[in-house]
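Observations on the model geometry
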Amino acid sequence: MISSQRLPSSLTPLDVALAALLRDLAPVPPIGLPLTEALGCIAADMSPLKPHPPHDVAAADGWAMRANDLVGASSYSPLPLTIPPVWVEAGDAMPETCDCVLDSDSVDRTGPLVQVLAEAIPGQGVRRAGADIAGGTRVVEAGRRVLPRDLLIARAAGLTGLSVRRPRVGVVNIPAAGAAVTAQLIAESARKAGADVTCVEAVGRDADSIARAIDTKGCDLLLTIGGSGVGRSDATVSALAQRGEVIAHGIALQPGRTTAVARIEKTPVIALQGAPDQAFAAWWTLALPVLDLLSGRRPRKSFNLPLQRKIASGVGIAEIALLRRKQGAWVTLAVGDLSLDAIARAEAWLAVPGGAEGFAAGEPVDGYMLRD
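What comes next is a walk through the structure. For every chain, the first residue of the written sequence is number 1, and numbering continues from 1 onward in sequence order. Reporting of local features is limited, given that this is a predicted model, to residues whose pLDDT is at least 70; pairs of side-chain atoms are given and counted only at 80 or more, and all residues count toward the totals for whole chains, interfaces and linings. Here the side-chain values reflect all heavy atoms present in the structure, with hydrogen atoms and water set aside.

1. Structural notes on the overall build of the protein chain
- Here a helix means four or more residues in a row that DSSP labels H or I, a strand means two or more in a row labelled E, and each is numbered from the N terminus. If you tally the helices and strands in the protein chain, you get 8 helices and 25 strands.
- Our radius of gyration looks at C-alpha atoms and nothing else; its globule reference is 2.2 Å times the residue count to the power 0.38. A globule of 372 residues ought to have a C-alpha radius of gyration of about 21 Å, yet the protein chain, at 30 Å, is considerably larger.
- Overall size of the protein chain, expressed as C-alpha extent along the three principal axes, is 105 × 50 × 35 Å.
- Within the protein chain, residue pairs in contact and separated by at least 24 positions form 74% of the contacts whose partners lie at least 6 positions apart.
- What sets the accessible areas is the Shrake-Rupley method with a 1.4 Å probe; for residues, cover comes only from the shown protein chains. Counting only carbon and sulfur atoms, one obtains 53% of the accessible surface of the protein chain, whose full area is about 18100 Å².
- When the 36 positive and 38 negative side-chain charges of the protein chain are each reduced to one mean point, those points stand 7 Å apart. Only heavy atoms enter the contact rule, under which two residues are in contact if any of them lie within 4.5 Å. We count Lys and Arg on the positive side and Asp and Glu on the negative side, and we leave His and both chain ends out. Charged side chains are reduced to one point each, which is NZ for Lys, CZ for Arg, CG for Asp and CD for Glu.

2. Notes on the side chain of T224
- Looking at where T224 falls in the secondary structure, it is placed in strand β14 (residues 221-225).
- Once residues lying within four places of it in the same chain are set aside, the contact partners of T224 are V172, I214, T236, I270, A271 and L272.

3. Digging into the sheet that holds strand β13 (residues 196-201)
- Paired strands are those between which DSSP finds at least two bridges. In spatial order, the strands read β13-β12-β14-β18-β17-β15; together these 6 strands make up an open sheet with mixed pairing. Bordering the open sheet on either side are β13 and β15 (245-249), each of which pairs with just one other strand. Neighbour-to-neighbour, the strand axes of this sheet turn through a mean angle of 20°, independent of strand direction.
- Here 5 bridges tie strand β17 (residues 260-264) to strand β18 (residues 267-272), and the two strands are oriented antiparallel to one another. Bridged to R263 within β18 is P268.
- Fitted lines through C-alpha atoms give the axes, limited to the stretch in contact for helices. The angle between two N-to-C directions lies from 0 to 180 degrees. The sheet strands contacting helix α7 (residues 276-295) are β12 (168-173), β14, β17 and β18, and the helix crosses β18 at an angle near 165°.

4. Remarks on the nonpolar core
- Of all hydrophobic cores here, the largest spans 45 residues; its most connected members are W283 and L322.
- Among the secondary structure elements, those contributing two or more residues to this core are α1 (14-22), β12, α4 (179-192), β14, β18, α7, β21 (318-326) and α8 (340-345).
- It is α7 that contributes the most residues to this core, 12 residues altogether.
- Counting residues in hydrophobic clusters, the runner-up holds 19 residues, among them V172, L222, A262 and I264. Among buried residues, those of type Ala, Val, Leu, Ile, Met, Phe, Trp, Tyr and Cys that are joined through side-chain atoms within 4.5 Å constitute a nonpolar core. The rule is simple: take the accessible area with a 1.4 Å probe, protein chains only, and divide by the maximum for that residue type; under 20% is buried, over 50% is exposed, in between is partly exposed.

5. Observations concerning the packing of α4 against α7
- One way to put it is that α4 packs onto α7 with a least axis distance of 11 Å and a crossing angle of 25°. Judged by the angle between their axes, α4 and α7 are roughly parallel. Seen along the crossing, α4 lies across α7 with a hand that is right-handed. Listed contacts from α7 to T182, L185, I186, S189 and A190 of α4 are P276, A279, F280, W283 and L291. Roughly parallel means an angle under 35 degrees; roughly antiparallel, over 145; roughly perpendicular, 65 to 115; everything else is oblique. Note: crossing handedness is left-handed where the near helix turns anticlockwise from the far helix by less than a right angle, and right-handed where it turns clockwise.

6. What about the packing of α1 against α7?
- Two elements in contact, α1 and α7, have axes separated by 10 Å at closest approach and are oriented at 30°. One finds that α1 runs roughly parallel with respect to α7. Between α1 and α7 lies a crossing of right-handed hand. Here L14, A17, L18, L21 and L22 of α1 come into contact with α7, specifically with T285, L286, P289, V290 and L293.
- Only Asp, Glu, Lys and Arg are considered charged, only Ala, Val, Leu, Ile, Met, Phe, Trp, Tyr, Cys and Pro nonpolar, and every remaining residue, Gly among them, polar. A per-class count over the contact of α1 with α7 returns 9 nonpolar, 1 polar and no charged.

7. Concerning the sheet that holds strand β6 (residues 86-88)
- With respect to topology, 3 strands assemble into an open sheet ordered β6-β4-β7, the strand pairing being antiparallel. Whereas interior strands pair on both sides, the edge strands pair on one side only; in this sheet they are β6 and β7 (100-102). Taking the axes of each pair of neighbouring strands and ignoring which way they run, one obtains an average angle of 45° across the sheet.
- Where strand β4 (residues 62-65) and β6 come together, 3 bridges link them in antiparallel fashion. Considered in β6, the bridge of A64 is made with V86.

8. Notes on the pattern of salt bridges
- Salt-bridge detection follows one rule: a side-chain nitrogen of Lys or Arg within 4 Å of a carboxyl oxygen of Asp or Glu. One pass over the structure, following the stated rule, counts 12 salt bridges.
- Here D132 ties to R127 by a salt bridge, and the two come within 3.1 Å at their closest N and O atoms.
- By relative accessible area, D132 is classed as partly exposed at 42%.
- For R345, the salt bridge identified is with D341, shortest N-O distance 3.0 Å. Here R345 pairs with D341, and both are found in helix α8, just 4 residues apart, close to one helical turn.
- D341 gets classed as partly exposed once you look at its relative accessible area, which sits at 46%.
- A single network of salt bridges, built from pairs that share partners, joins E141, R144 and D150.

9. Details of the environment of Q242
- One can find Q242 in helix α6 (residues 236-243).
- The residues touching Q242, leaving out its near neighbours within four places in the chain, are A207, D208 and A211.

Here it is, written out as structure tokens:
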């Protein structure tokens, strides 16, 4: 059997395919999630926090006093107190007239009068109101990924949940040798990017089986894994044509030229390959920008360094280069042909534009960080 899927005579430029996917898309509405579920999601706008602590508290166990009353006190010249001081534990609210905390050794309670054996300065042993969290600050800025340290601030402020944007991503695996590994890789990458991921597997590789497995209800982005090529059993693009509009099949991207982009009603769909290197290339250049827009994420970090050696690239097709830092420069691990070892060792990637022949040695380039 010969596949009915064929690549066009000219490949679709990468930027054209991406623009078609992003057209008319907007960030998904924010939702409230418990703190543990919000970790890794992209924060939405939230109300500013109140000061924490809300009032002065003891920073250590000891005696709460007023510093001005202790001037001149020392072990050689103890200061007797007519009124016994108040003992406070760390975290207790400071008594209204007190502004310092002395440790237990600085107060002698063995005689008939309590005596102070040391001076203090205002604020000693005290955590001021708003010292941990200033009033008006936010747990996490909108558009930034929620990190463990943000949860620390949220819990300290007494919050139980956060407002985040979490796009729903469907992953459809087309059964084939090795495709399940790639599907897991993409699903895990989507979860790390803050998405709510649902995975299904088609019962077969024929177009009808794949079409039945494709369901965009409850999906903001759909990814298929495998079957996008021109092999005898490849039928994913034909299945997408049954369900919606195939915008482009054959992207000027290396690796990943058999990637397809489509829409089913308003949902963007990207057909990735079963080979992990090709799927990753399409994930970085097409799927991740769509997911970032849907989640309202701020632009991803790039790191500008000079190239240690030149990168040569063919004109007319964007090529993925994997990079690693060494002695203040980018070292190229792979270009176009990406081994699993290179993917595992890479710190960043860049796409050499299709209109360029590459980059010269020493030329500064922006690498998009893979471990942000």
